[in-house]
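Working through the structure, step by step
Below are the chains, spelled out letter by letter.
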Amino acid sequence: MVDVFDKRKRSWLMSRIPGRNTKPEIQLAKLLRAEHLEYRRHYNALPGTPDAALPRERIAVFIQGCFWHGHHGCSKASMPTTNRTFWRKKIRSNTKRDMRQARALRKLGWSVALFWTCRPLTRERLRTRIRQIVVRRMDRGSFAR
Ligand SMILES: [Zn+2]
């Protein structure tokens with residue numbers, strides 16, 4: 001039997017999913033500007049609509065909420081005590097989709113820079129991650145530009 005109240009409560013919870021222009025996304029844009037990196041926000045021409053896409057570096061940046069995207073081993077990603085089966089399924093389907101999208105991006109020649117909301121994004125972290133990606137690509141000799 002379907003519990004109607006439960007369903008309603010769920011849809012309320014689902015509507016709590018952070019939308020666009022959340023604090024971390026605004027912070028990301030600020031840092032990209034500070035780094036003088038060319039970027040497009042919410043770039044829906046790419047799989048997964050990256051929070052920021054760096055066309056010159058071909059890097060797709062995502063800032064993921066720990067709970068919704070199932071940050072492994074993170075305290076912010078712990079399951080609610082009620083409706084556990086529902087949540088587990090929901091989060092698992094999110095993480096599967098994330099992986100599918102990352103694969104699709106790599107196929108298109110893009111790299112993924114992933115950040116979690118449990119750690120504040122700093123200029124140093126962003127710079128380090130982007131540098132890592134670019135250096136790794138040069139090592140592989142696949143940095144086309
Ligand atoms: Zn986390």
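Worth saying up front: this structure is predicted, and the values here are computed from it rather than measured.

Cut-offs and rules
Residues numbered from 1 in each chain as written. Predicted model: local features only at pLDDT ≥ 70, side-chain atom pairs only at ≥ 80, totals over all residues. Heavy atoms only, no water. Helix = DSSP H or I, 4+ residues; strand = E, 2+ residues; numbered from the N terminus. Buried < 20%, exposed > 50% of the residue type's maximum accessible area, 1.4 Å probe, protein only. Contact = heavy atoms within 4.5 Å. Pairing = 2+ DSSP bridges. Right-handed = clockwise from strand over helix to strand, strands pointing away. Axes fitted to C-alpha atoms, helices over the stretch in contact; angles between N-to-C directions.

1. So, the overall build of the chain
- Across its full length, the chain carries four helices and four strands.
- Reading the helices (α) and strands (β) of the chain from amino to carboxyl end gives α-α-β-β-β-α-β-α.
- Counting across all 145 residues of the chain, residues that qualify as buried make up 34%.
- In the chain, the share of contacts with a sequence separation of at least 24, taken over all contacts with a separation of at least 6, comes to 53%.

2. Observations concerning the pairing of strand 4 (residues 111-116)
- The buried fraction of strand 4 amounts to five of the six residues, a majority that puts the element mostly inside the structure.
- Pairing geometry for strand 3 (residues 59-64) and strand 4, over six bridges, is parallel. Pairing of Val-61 across the sheet is with Ala-113, part of strand 4.
- For the segment spanning strand 3, helix 3 (residues 84-107) and strand 4, crossover handedness is right-handed.

3. Looking at the sheet that holds strand 1 (residues 40-41)
- The strand order across the open sheet formed by four strands is 1-2-3-4, and the pairing between neighbours is mixed. The open sheet has two free edges, formed respectively by strand 1 and strand 4, since each of these has just one partner strand.
- Against the sheet, helix 4 (residues 123-140) contacts strand 2 (52-54), strand 3 and strand 4, and its axis sits at roughly 155° relative to strand 4.

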